[in-house]
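# Understanding the architecture of this molecule
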Amino acid sequence: MLISDIIEHKRDGRTLDGDAIARFVGGVTDGSVSDAQIAAFTMATCLNGMSADEAALLTREMASSGRILAWDSRALGGPVVDKHSTGGVGDKVSFLLAPVIAACGGFVPMVSGRGLGHTGGTLDKIDCIPGYQATPDLATLRKVVAEHGCAIVGQTADLAPADARIYAVRDVTGTVSSIPLITASILSKKIAAGNDYLVMDVKFGSGAFMQPIADAEALAQSLISTAAAAGLKTHALLTNMDEPLGTTVGHMLEMREVYEYLTEDVRETRLHQVTMGLAAEMLVITGLADDRDAALGAAEAALSSGRAAERFMQMVAALGGSYDYFDRFEHYFETAPVIMQVPAVEAGFLAAVDARAIGQALVAMGGGRQRSSDVIDKRVGFSDILPVGAAVNAERPLALVHAADEAQARAAIAAYQQASQISHKEPASEPVIKKVMTRVA
């Protein structure tokens, strides 16, 4: 079957067989399929969808388009497990979760990405650590995971190269939101990384890609089902992204929050709930804990004992980062030239925040990307962010803005105020973890 025939089949809503999908992915990998053909295929898929079997076939072919890592859990001394988030505003959970799981006996080769649009990227944030090698060779990745239990790294050319090409085209053709394409993109990298288990943080709300909770649940079910077909046991948490996660948004500022969380017991409630919820699920799914209560106890102990912070710093040093990053954090922290308050427009309660608008305000300040070639200003962002439900007045600002200059700061203040709703009535609280999904429907 010609590539044009494969595209026409999907355009017309017909189901593709394994041979057709293998031919298409093979052409993507060897370059014989053009970007225009990838764009046509992904748009047809976005409009017509895929069956669960098609999505599983696409996932497997994309995973096998490059090298697939194999880990020996017995030799390591514990299970290989990972977490993936569908992206949010202020989401720095990976930096907290990976060392916690490592301290509890798991091994976490966490393949992460860079940010685009209103959501921040894990790799962009960890670039704040001087010397850190975010894309090590596979031998180094294996060594760091084996010796220290975790490594937060980027996708290399060896892992799922077909996904890298397809995603680059999806990003500029309006096809990012397709559930089967999201599923195949996420799982192909996780399968290629050799994970035994996976826990997904699927976000819904104003700051999420899948804003309606029904869409997020559909994505979570697609991930669980497709992963099961590929032999990767997966659980998912549906988490609320109707406001930023934690008290900071922006690369340097979020790394400060990571530092304070791991070393100083400064833990914003919602951020801590998401981190501990994911940690508990990872420990239960791997058998490192008998139930969620035991898992939560183990995760909390890893934090309070300092073992999680130690694992984080071991990982940083092993990947070329500054060995004293936590000990001399203020030395490495870069401060923005202008810091100003974001005053509430009136007294009352913070009733709602448009998290996407906050993320977009960060991008407008230069703290995020609109194009993959954009250079990020890691100093800018927001800190001291008040949660929904907080009382606000003239003495209690909504947040602090960190900007490159005063004009930028004032524009960010206006954007933040516009994204915030003030009410004279205290709003009802909403759980940050809405649902835990553990089985194929």
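These lines cover the structure that appears in this document, whether it is placed above or below. The structure displayed is predicted, hence computed values, not measured ones. (Residues numbered from 1 in each chain as written. Predicted model: local features only at pLDDT ≥ 70, side-chain atom pairs only at ≥ 80, totals over all residues. Heavy atoms only, no water.)

### Comments concerning the sheet that holds strand β4 (residues 197–204)
Strand order in the open sheet formed by four strands is β1-β4-β5-β12, with mixed pairing between adjacent strands. Sheet topology places β1 (81–85) and β12 (433–437) at the edges, where each strand pairs with a single neighbour. This sheet shows a mean twist of 15° between the axes of neighbouring strands, independent of strand direction. (Pairing = 2+ DSSP bridges. Helix = DSSP H or I, 4+ residues; strand = E, 2+ residues; numbered from the N terminus. Axes fitted to C-alpha atoms, helices over the stretch in contact; angles between N-to-C directions.)

### Quick word on the layout of surface pockets
Approximately 340 Å³ is the volume attributed to the second largest pocket. Along the walls of the second largest pocket sit 19 residues, with E243, R270, V388, A428 and E430 positioned nearest its centre. At three residues, strand β7 (residues 348–353) tops the list of elements feeding residues into the lining of the second largest pocket. Here the lining of the second largest pocket is built from residues that sort into nine nonpolar, four polar and six charged. (1 Å grid on protein atoms, 1.4 Å probe; cavity = no way out; pocket = protein on both sides within 12 Å on 5 of 7 lines; lining within 4 Å. Points joined across faces, edges and corners; volume = space filled by probe spheres on them. Nonpolar A, V, L, I, M, F, W, Y, C, P; charged D, E, K, R; others polar.)

### Remarks on the pattern of salt bridges
Counting across every chain of the model gives 19 salt bridges. Across the salt bridge formed by K435 and E217, the nearest N and O atoms sit 2.5 Å from each other. Of the two residues, K435 is situated in strand β12 and E217 in helix α11 (residues 213–229); the sequence distance between them amounts to 218 residues. A relative accessible area of 37% means that K435 is categorised as partly exposed. Residues joined in a network through salt bridges with shared partners are R11, D12 and R14. (Salt bridge = Lys/Arg side-chain N within 4 Å of Asp/Glu carboxyl O. Buried < 20%, exposed > 50% of the residue type's maximum accessible area, 1.4 Å probe, protein only.)

### Some remarks on unusual backbone geometry
With a phi angle near 60°, D265 is a residue other than glycine that sits in the positive phi range. Among the structural elements, D265 can be located in the loop between α12 (251–263) and α13 (269–286). For D265, a relative accessible area of 57% gives the class exposed. With a phi close to 55°, D384 is a non-glycine residue in the positive phi region. Here D384 shows up in the loop between β8 (381–383) and β9 (391–392). Residue D384 is classed as partly exposed on the basis of its relative accessible area, which comes to 48%.

### With respect to the sheet that holds strand β11 (residues 420–423)
The antiparallel open sheet is built from three strands, whose spatial order is β9-β7-β11. One side of each edge strand has no neighbouring strand; the edge strands of this open sheet are β9 and β11. As paired strands, β7 and β11 are joined by four bridges and run antiparallel to one another. Among the inter-strand pairings, V353 is bridged to a residue of β11, identified as S420.

Read these as layout, nothing more, since geometry by itself doesn't imply function.
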